[in-house]
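# Structural characterization, general
Each chain, letter by letter, is given below.
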Amino acid sequence: MENQVLLSVKNLKKYYEISQGMFKEKIVVRAVDDVNFTVMKGETFALVGESGCGKSTTGRAILRLTEPTDGEVIFNGTNLALLPYEKMRSLRKHMQMVFQDPYASLNPKKSIRQILMEPLKVHSKFDKKESLQKVISILQIVGLSEYHLDRYPHEFSGGQRQRIGIARAMILQPDFIIADEPVSALDVSVQSQVINLMLELQKEFGLTYLFISHDLSVIQHMTDRVAVMYLGKIVEIAKTEDLFNNPKHPYTQALLSAVPITHPKEKKERIILKGDVPSPANPPSGCTFHPRCPFAMEICKSELPDQARFEEGHTVNCHLYSQNKEEINYAISHS
Amino acid sequence: MLDFIIKRLIQVVVVVLLALTVVFFLIRLSGDPTALFLPPDASREQIEEYREMLGFDRPIYIQYGEFMVNAVQGDFGQSLRSKEDALPLVLSRLPATFQLAISALILSLLIAIPLGVLSAYKRNSVFDRISVALTVLGQAVPSFWLGLILIYFFAAQLNILPSGGAGSIVHLILPMITLAAYSVARFTRFTRSTMLDVLRKDYIRTAKASGVPTIRLVGRYALKNSLIPIITLVALDLGTLLGGAVITEVVFAWPGVGRLLMQSLMNRDFPIVLAGVFIVALIYAVINFIADILYAYVNPQIRVK
Ligand SMILES: Nc1ncnc2c1ncn2[C@@H]1O[C@H](COP(=O)(O)OP(=O)(O)OP(=O)(O)O)[C@@H](O)[C@H]1O
Ligand code: SF4
Ligand SMILES: [Mg+2]
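Because the structure is a prediction, the values reported are computed rather than measured.

### Points about the sheet that holds strand S2 (residues 27–40) of chain A
Residues and elements named next belong to chain A. The strand order across the open sheet built from four strands is S2-S1-S4-S5, with neighbouring strands paired in antiparallel fashion. For this open sheet the edge positions go to S2 and strand S5 (78–79), each flanked by a neighbour on one side alone. Pairing of strand S4 (residues 70–75) with S5, which is carried by two bridges, proceeds in the antiparallel orientation. Each bridged residue has a counterpart across the sheet, and for Phe-75 the counterpart in S5 is Thr-78. Here helix H1 (residues 55–62) sits on the sheet and contacts strand S1 (5–18), S2 and S4; the angle it forms with S1, its principal contact strand, is near 115 degrees.

### Some remarks on a nonpolar patch on the surface
Residues and elements named next belong to chain B. Taken together, the side chains of Leu-2, Ile-6, Ile-10, Val-14, Leu-18, Val-22, Leu-26 and Leu-29 define a hydrophobic patch exposed on the protein surface, amounting to about 820 Å² of accessible area. Among the secondary structure elements, Ile-10 is positioned in helix H1 (residues 2–29). Given the relative accessible area of 51%, Ile-10 is considered exposed.

### Things to note about the side chain of Thr315(A)
Residue and element names in this part refer to chain A. With respect to the element layout, Thr-315 can be found in strand S12 (residues 315–317). A distance of 3.4 Å separates polar atoms of two side chains, one belonging to Thr-315 and the other to Gln-307. In this structure, Thr-315 is in contact with Val-235, Glu-236, Ile-237, Gln-307, Ala-308 and Arg-309, ignoring residues within four places of it in sequence.

### Overview of the site of ligand 2
Taken together, His249(A), Pro250(A), Cys287(A), Phe289(A), His290(A), Cys293(A), Phe295(A), Cys300(A), Pro305(A), Cys318(A), His319(A) and Leu320(A) make up the full set of residues adjacent to ligand 2. Its residues placed into classes, the shell around ligand 2 shows nine nonpolar, three polar and no charged.

### Observations concerning the domain arrangement of chain B
Residues and elements named next belong to chain B. Partitioning chain B into domains gives domain 1 (1–75 + 268–305) and domain 2 (101–255). Relative placement of domain 1 and domain 2: their C-alpha centres are 32 Å apart. In this assembly, nine residues from domain 1 lie in contact with nine residues from domain 2. Carbon and sulfur atoms make up 84% of the surface buried where domain 1 meets domain 2, a total of about 740 Å² over both sides. Linking domain 1 to domain 2 there are zero salt bridges.

### Considering the packing of aromatic side chains
Think of a pair of aromatic rings as described by two things: how far the centres are apart, and how the planes are tilted against each other in angle. Going through the model one piece at a time under the given rule, you end up with 13 aromatic pairs over all chains. Geometrically, the ring pair formed by Phe310(A) and Tyr321(A) is edge-to-face, given 5.5 Å between the ring centres and 90 degrees between the ring planes. Here Phe310(A), found in the loop between strand S11 (307–309) and S12, pairs with Tyr321(A), found in helix H11 (residues 319–333); they are 11 residues apart in sequence, far enough to count as distant. Here Phe310(A) falls in the partly exposed class, since its relative accessible area comes to 26%. In this arrangement the basic side chain of Lys110(A) is found over the ring face of Tyr221(B), its NZ or CZ atom lying 4.5 Å from the centre. The ring of Phe310(A) has Lys248(A) lying over it, and the distance from NZ or CZ to the ring centre is 4.4 Å.

Rules of the game
- Residues numbered from 1 in each chain as written.
- Chains lettered and ligands numbered in written order.
- Predicted model: local features only at pLDDT ≥ 70, side-chain atom pairs only at ≥ 80, totals over all residues.
- Heavy atoms only, no water.
- Pairing = 2+ DSSP bridges.
- Helix = DSSP H or I, 4+ residues; strand = E, 2+ residues; numbered from the N terminus.
- Contact = heavy atoms within 4.5 Å.
- Axes fitted to C-alpha atoms, helices over the stretch in contact; angles between N-to-C directions.
- Patch = residues over 30% accessible without salt bridge, like charges linked within 9 Å, V, L, I, M, F, W, Y side chains within 5 Å.
- Areas by Shrake-Rupley, 256 points an atom, 1.4 Å probe, with all protein chains shown as cover.
- Salt bridge = Lys/Arg side-chain N within 4 Å of Asp/Glu carboxyl O.
- Buried < 20%, exposed > 50% of the residue type's maximum accessible area, 1.4 Å probe, protein only.
- Polar contact = N/O pair within 3.5 Å; in protein donor to acceptor, adjacent residues only side chain to side chain.
- Near = heavy atom within 4 Å.
- Nonpolar A, V, L, I, M, F, W, Y, C, P; charged D, E, K, R; others polar.
- Domains from an automatic or database assignment.
- Buried area = accessible area lost by both parts, 1.4 Å probe.
- Phe/Tyr/Trp six-rings, centres within 6.5 Å; stacked < 30°, edge-to-face > 60°.
- Lys NZ or Arg CZ within 6 Å of the ring centre and 35° of its normal.

What follows is the structure in structure tokens.
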């Protein structure tokens, strides 16, 4: 089971065209711009980055909740991006999404029974009686009960609603769940309950998660590997532990420096980035991080950095390392 | 729910009584009508006698009290001109107004909802742009002008439709279109924007994520959730539609309450004006009342409260 690729995302792009009226040129927002990563079966892969860097769009484009502009999404050997509508629709039972806002993601006009029955009905998995059994058992699994069946979403608390959202995603017994900031809308006290529920479910059903978040402490706590996103691109991928112990990309270093220190002896200087995140409609040339990067060099302004690879699948897109690599290569080839 | 209904019913009564009160005083402030009904050479005594006969000589608050007491019993007096009973006269014109307003409403819903849904679904397409442009136009054009233009083309030039009057379906066509134009535009825009809102909602995404087919997503899920705001708007607009009917009725000589009200106002035939206002206000308040109940019915969030 280990080391088997479940999902592989290649050169994924999602551009939004925004028209500004009839005679003006359209603005192109590069929400996701050439994203590559793979997710292994059974792991929890995190996507982290500041607001607006394209995390949600990446998640949605993978599931084709929004049509990708370009790229491949290979899930269990099938390229989802090329799949005809009907095929995609029936494949959806294998991959589900838990959304950020448990208030908005449940249809307010439907009772919990209807909400949970719907996926079963759509994929006609079971007959009516079996479906109800299934619904009741999933409710119990997420910590609710049969007694809640005929309530409406607004009668529940945020945490309970997110449990319902998770139940809904789980009911088709998917292999893969994209959780888009599943706890960020919840009270801190409720967050850990929901996270623990997700971890238990993963253990029990062998789920694979793509976990989207901007909360580094949650990521440190529950994920196996992390990809750091900045302005629609992935700048660093590493095992969670490696990333937290040894962040290589200047942006990752800055992000991590903002996390509160857990060991009082540890000394950390907070790196304050200059300026704001630029707009994805008008990204800087070269390395898009260069206007804010404390280590920016001349080459960073004009050339997009290649991926530099380190041990254990740690990859970084930054000229600091690609230059080193060249030097190393040079040294090797001349020795 | 019963509490809610009773509360809203009381509001209906208050609204109607208030409307009557305001109109009663406004109309009295504009002077008394006796001069209009008597020959120009009538003597002072004759005028005084006439005023006395109609009760206009007494203090206004007494007149008001008497009017209200009679009004709540359904007695609005008689036309100053024809001596017909005011309320039955107004009521006899009601079916014509309803016919016009309801056919215009049905026409606009039949056009606007599919148009709005398609526009939203195909957002930014050529179809959407044309429909948006048309709705802007539809809302901007004043109905009396549209009415006259339609009369010019279809009645005067092409001579295929009557320019006014009533009696058959053919007579209904032009006034119905005139009255519907504004609502079509308004409902289309509103349906489009509500649908766009709903289609952007996470729960539509949730449904899509679990594999609900697009047609059902748009036609059932999104439309169903858009229906509440649409119903509310339609209900609120029914009042406007009835108001618009007044002008349309005048342009097309449609024999409804609107035309009667207008004529009576010109003639200062107060009892009919007040009976007309009573009926229009009552209908308006009752429509909103029904809209509220319906709204509560389709929206479980309100029902629980
Ligand atoms: N439908 C859309 N039309 C145009 N631009 C969009 C659309 N959806 C997202 N964007 C833009 O794409 C960029 C990425 O948005 P996205 O929602 O993926 O970011 P995010 O990383 O999930 O942020 P957050 O943490 O706020 O959820 C943003 O600049 C956003 O404004
Ligand atoms: S490529 Fe240059 S600008 Fe970009 S992160 Fe590395 S050093 Fe900074
Ligand atoms: Mg997001």
